[in-house]
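# Working through the structure, step by step
Chain by chain, the residues:
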Amino acid sequence: MKKLLLTYCLVFAISHLFSQDSLFKKSNWKEYFSFHCNKNLALASDRIYSINENAIFYLNFSDNSLGKISKMNGLSDVSISASACNRNDDVLLIGYKNGNIDIVKNGSVTNVPDFKNKLISNDKSIIDIDFLNNKAFISSKFGILVLNYMDHQIEDTYILFEGGQNLTINRLYVDSLSSTLYVATEKGIFSAKYGEKNLADYNNWSKITSFGNGNYSDVCKFAGSIIATKHSQNTDSVYVFNGQTVKPFVKTYQGFMRMRISENRLLFVCKRLIDVYDNQYLLKKRIDSSFTDIVEINDAVIDNTNILWFNDYERGLFKSTSPKPIVAQSPGSDVISSINDVNHLLVVTHGVFWRYYTSKISFQLSDNIWQFYKDWSAVDPVCLGYEKNVYMHLFAGTWATGLVEYDDWWHIINRYNTKNSILGSDYISDVKMDNNGNLIIYNALSNSKPFTVITKNNEWYSWTYPEFTLCTGVRPLYIDSHNRKWVLTDFGVLVFDDKSTPLDHSDDEIGYLPIIDNEENNFSQFDFSMAIDKNNILWVGTQFGIAYYPNADNLFNDSKPRLSRNKITVNGVVDYMLSTETINCIAVDAANRKWVGTNNGLFLISSDGEKVLAHYTKENSPLPSNNISALSVFDQESRLYIGTLNGLMSLDLGISVARKDFSEVKISPNPVPHTFTENIKIDGLVENTIIKIIDVNGELVYETKSEGGTAFWDGKNLSGNRVATGVYVVMLQTEDQSQNHISKIIFIN
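Being a predicted model, the structure only gives us computed values, none of them experimental.

### As for the overall build of the protein chain
When its secondary structure is counted, the protein chain shows 2 helices and 67 strands. The C-alpha radius of gyration of the protein chain comes to 30 Å, within 12% of the 27 Å expected for a compact globule of 749 residues. When its C-alpha atoms are laid out on the principal axes, the protein chain stretches across 95 × 70 × 60 Å. Going through the 749 residues of the protein chain one by one, you find that 54% of them count as buried. Sequence-distant contacts, at least 24 apart, represent 48% of the contacts inside the protein chain between residues at least 6 apart.

Below you can see the structure in the form of structure tokens.
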């Protein structure tokens, strides 16, 4: 109980301490959400919104321009579950899985968090939204909310019961002509007229008994009749109630998604087709694979020019006048499993290892141009190896279908698996090209052949070591500057040096580091990540925090290697650093700081590894998820790329790689205008440069040390006051005093 309380206190203290962190502003962040995986559609008078779980992309009808709305420019949250637009007022409502609600009007977003903040145990995910005058009726599994979107107030809540049990609502429909609410539930169709009775009293709701019982998936009113769909196994049957009798519709549907009433048409939206009926129930249009290559349709609407719009979950937004998708430049998916710097080209994989998910790999050709490759025979790519200084010669390691080799046109050169090669497994944990051009493959779920090499001469060999223990998931393979190979097993770190003879392992040097600390505590059952920093310290991310081995070079000769763990104190609570966190990934930046991805957000650890500098979460930053799945620092861009299961982000670190000399020193801005209040950047520095800023009287104004190749000055003197107008000398000296340089900064106040 004491340990549980300590864990809770530490998490709360760290989150609270860094919730207002200001190391990075919102402008430092960039987002790369996929608009190929959109679900909902919402039609406004001047645009159509295509909505995925994390952001909104829209097309303006007037000029066909594209735009987007996200947490970066207004939305309060991620994980969108429902949306609707009232064209009379051009109000867009967004509902989230956690019960949060956003109102988008005239380019601004107003958040209504009341339902989200309500302490209830029910599922608060917003299911459906419909309108009556200036009221929005918002359904969830819990019940129905009545929101006055002009006043931003929730005015009422309706909870439906039958037989003493709370009814689960599957779909809500509001008939504006009769002011009647219809709900499809797990036990039938219910209705009530708004404005006549107190609908918070469930006794004022009526069950339309003609439909009987059953799990009804959708309901609407069309051409004077009530239409309802009843779900059973993989099929939805359609029933029409004319006020007297219920009759089956002319067709049943498989893969049913929803019904829509749009421009006096009845739409049946299914995964593989859309049927459009007129008010005589005559089929007027069908969209299926004969129109375009359909993967999974999620929603459809008709605009006032009779154009049918629909979302395909794989390919994006379509309209019925063209078989080509309309989609904003973006990655192929929001699920990120690995981030790769392929010869200065950003390439991400979208596979996962715990379930069959996707076959996509995305790459960014330039800042706003993305392409993605899909091959359903290579399911769930989770890692990449590539040939250095060759544009795009890639090896994709997949989870269940082996290794796939691509050329620079994304043509498949070879497929390797356990049936046509000596691969130890079809489940590839990681793959890397070593410093001699040999491809090293780390095979998961194989004790006999966890390692395979394909030499640059296309020679193959698979092997194991007695020290190797099982690898049951995706674990990293790291190749250091000495060409040593480091791998994570389930229970420790294995390193081997093949002495540049990859086909002969008789001369290999091997080291093994178990997950045991200096106090002989086997403190974690599993490890998940590792990195070697610029001081040659090996960092290991485990199920219960982060640990380190102080000198990676010593591991071969250490007869009893053990990990060290730093303790930190936060608000009086002392514990091992991040001991409550599962460490999914680690990346080291140019300043030797450690970026740590967890299931509870992104942490920044100081260069010496002794302090937590920041903690970013989806609650206090633009991050779309607290589950960080991948990290990679691109030093040439000074940018950290952050992968989550809800999208890709990046963060401008503002720190460059250290230089060998002072020939590229740059100070910006210079001169410093009186309106400038941010940090002054001194770039192009040698590692650990000592910086002293002197005024015209020879007095020391400021002193610091560079991080990587960069240092910052806030423009204040040692007393904390902004310096006066004048010229200031910037004296630079390397740590060993072997190099010196002098620059100047001009201040204008």
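### A short note on the nonpolar core
Residues W309, W595, L602, L631, L640 and I642 are the most contacted members of the largest nonpolar core, which totals 32 residues. Of all the elements in the fold, those that place two or more residues in this core are β2 (40–43), β4 (56–60), β54 (583–588), β56 (601–605), β57 (612–616), β58 (628–634), β59 (639–644) and β60 (647–652). A per-element tally of this core places β58 first, with 3 residues. Setting aside chain neighbours within four positions, we find I642 in contact with W29, I339, L602, L623, I628, A630, L631, G647, L648, M649 and L651. Membership of the second largest hydrophobic core comes to 27 residues, among which are C383, L423, C471 and V487.

### A few points about a nonpolar patch on the surface
The grouping of V696, V727, I746 and I748 at the surface amounts to a nonpolar patch, some 340 Å² of accessible area in total. Mapped onto the elements, V696 comes out in the loop between β63 (690–694) and β64 (700–705). Note on V696: relative accessible area 69%, which makes it exposed.

### Side note on the sheet that holds strand β10 (residues 126–132)
One open sheet holds the 4 strands; their spatial order is β10-β11-β12-β13, and the pairing between them is antiparallel. Of all the strands in the sheet, the pair left with one neighbour each is β10 and β13 (153–158). This sheet shows a mean twist of 25° between the axes of neighbouring strands, independent of strand direction. One ladder, built from 6 bridges, connects β10 with strand β11 (residues 135–140); its direction is antiparallel. Across the sheet, the residue bridging to I126 is S140, located in β11.

### Thoughts on the pattern of salt bridges
Counting across every chain of the model gives 34 salt bridges. In this structure, E155 engages K135 in a salt bridge whose closest nitrogen and oxygen atoms are separated by 3.8 Å. Separated by 20 residues along the polypeptide, E155 in strand β13 and K135 in strand β11 bring together distant segments of the chain. The exposure class of E155 is partly exposed, given its relative accessible area of 42%. Under the relative-accessibility criterion, K135 is labelled buried at 14%.

### Some details on the pairing of strand β42 (residues 439–443)
Counting buried residues along β42, 5 of its 5 residues qualify, which places the element largely inside the surrounding structure. Judged from the 5 bridges that link them, strand β41 (residues 428–433) and β42 form a sheet pairing that is antiparallel. Each bridged residue has a counterpart across the sheet, and for D430 the counterpart in β42 is Y442. In this antiparallel pair of consecutive strands, β41 and β42, the connection spans 5 residues, and G437 shows a positive phi of 85°. Relative to strand β43 (residues 451–454), β42 is paired through 4 bridges, and the arrangement is antiparallel. Paired with I440 across the bridge in β43 is V453.

### Quick word on unusual backbone geometry
Note the cis peptide between S668 and P669, where omega equals -5°. Position of P669 relative to the elements: it lies in the loop between β61 (666–668) and β62 (680–683). Look at the link from N670 to P671: it is a cis peptide, with omega at 10°. Looking at the secondary structure, you find P671 in the loop between β61 and β62. In this structure, A223 is a non-glycine residue whose phi angle is positive, near 55°. With respect to the helices, strands and loops of the structure, A223 is situated in the loop between β20 (216–222) and β21 (225–232). Classification of A223 as partly exposed rests on a relative accessible area of 46%. The phi angle at H344 is positive, at roughly 70°, despite the residue not being glycine. In this structure, H344 sits in the loop between β33 (338–342) and β34 (345–349).

### Some words on the sheet that holds strand β65 (residues 710–713)
Hydrogen bonds between backbone groups are what pair the strands of a sheet, and the pairing can be parallel or antiparallel. One open sheet holds the 3 strands; their spatial order is β61-β62-β65, and the pairing between them is antiparallel. The open sheet has two free edges, formed respectively by β61 and β65, since each of these has just one partner strand. Between one strand and the next, the sheet's axes are offset by a mean angle of 15°, whatever the strand orientation. As defined by bridge partners, β61 adjoins β62 across 3 bridges and the pair is classed as antiparallel.

### A word on the environment of R415
Tracing the chain through its elements places R415 in strand β40 (residues 412–416). Exposure remark for R415: the relative accessible area of 37% places this residue in the partly exposed category. Here the alpha-carbon distance between R415 and A396, two residues 19 residues apart in the chain, equals 9.7 Å. Dropping the residues within four chain positions of it, R415 is found in contact with D375, S377, A378, L403 and N420.

### Considerations on the side chain of T734
Mapped onto the elements of the fold, T734 is located in the loop between β66 (726–733) and β67 (740–747). Polar contacts involving the side chain of T734 include one to the side chain of D736, which spans 2.8 Å.

### So, the state of the cysteines
In this structure the tally under the stated criterion is 0 disulfides. Residue C85 stays outside any disulfide, its sulfur separated by 20 Å from that of C220, the closest cysteine.

### Examining the environment of F528
Structurally, F528 can be placed in strand β49 (residues 527–532). With 57 residues separating them along the chain, F528 and C585 place their C-alpha atoms 7.1 Å apart. When residues no more than four places from it in sequence are discounted, the contact partners of F528 are R475, P476, L488, G541, T542, Q543, T582, I583 and N584.

### Section: the environment of I690
Topologically, I690 is positioned in strand β63. In the structure, I690 is positioned 225 residues away from Y465 in sequence and 47 Å away in space, judged by C-alpha atoms. In contact with I690, not counting residues within four places along its chain, are E703, T704, K705, M731, L732 and Q733.

What counts and how
- Once a new chain begins, its residue numbering starts again from 1 and follows that chain's sequence as written.
- The predicted origin of the model limits local features to residues at a pLDDT of at least 70 and limits the giving and counting of side-chain atom pairs to 80 or more, whereas totals for whole chains, interfaces and linings rest on all residues.
- To get the side-chain values, all heavy atoms of the structure are used, and hydrogens and water are removed first.
- Working definition: helices are DSSP H or I runs of at least four residues, strands are E runs of at least two. Numbering for both runs from the N terminus.
- Here the globule rule is a power law, 2.2 Å times the number of residues to the power 0.38, and the radius of gyration is based on C-alpha atoms.
- Buried, partly exposed and exposed residues are distinguished by accessible area as a fraction of the type maximum, computed with a 1.4 Å probe on protein chains only: under 20%, between the cut-offs, and over 50%, respectively.
- What makes two residues a contact is simply this: any of their non-hydrogen atoms within 4.5 Å.
- In this text, buried Ala, Val, Leu, Ile, Met, Phe, Trp, Tyr and Cys residues form a nonpolar core when linked through side-chain atoms within 4.5 Å.
- Excluding any residue in a salt bridge, patches collect residues exceeding 30% relative accessible area, merging like charges within 9 Å and nonpolar Val, Leu, Ile, Met, Phe, Trp and Tyr side chains within 5 Å.
- Here, Shrake-Rupley sampling with a 1.4 Å probe gives the accessible areas, and only protein chains in the shown set may cover a residue.
- Salt bridge, as used here, is a side-chain nitrogen of Lys or Arg placed within 4 Å of a carboxyl oxygen of Asp or Glu.
- DSSP bridges decide pairing: two strands pair if at least two such bridges lie between them.
- Each axis is a line fitted through C-alpha atoms, and for a helix only the stretch in contact is used; angles between axes span 0 to 180 degrees, taken between their N-to-C directions.
- Polar contacts, as counted here, are pairs of nitrogen or oxygen atoms within 3.5 Å of one another; within protein the pair requires one atom able to donate a hydrogen and one able to accept it, and residues that are adjacent in sequence qualify only if both atoms are side-chain atoms.
- Whenever a pair of cysteine sulfur atoms sits within 2.5 Å, that pair is classed as a disulfide.

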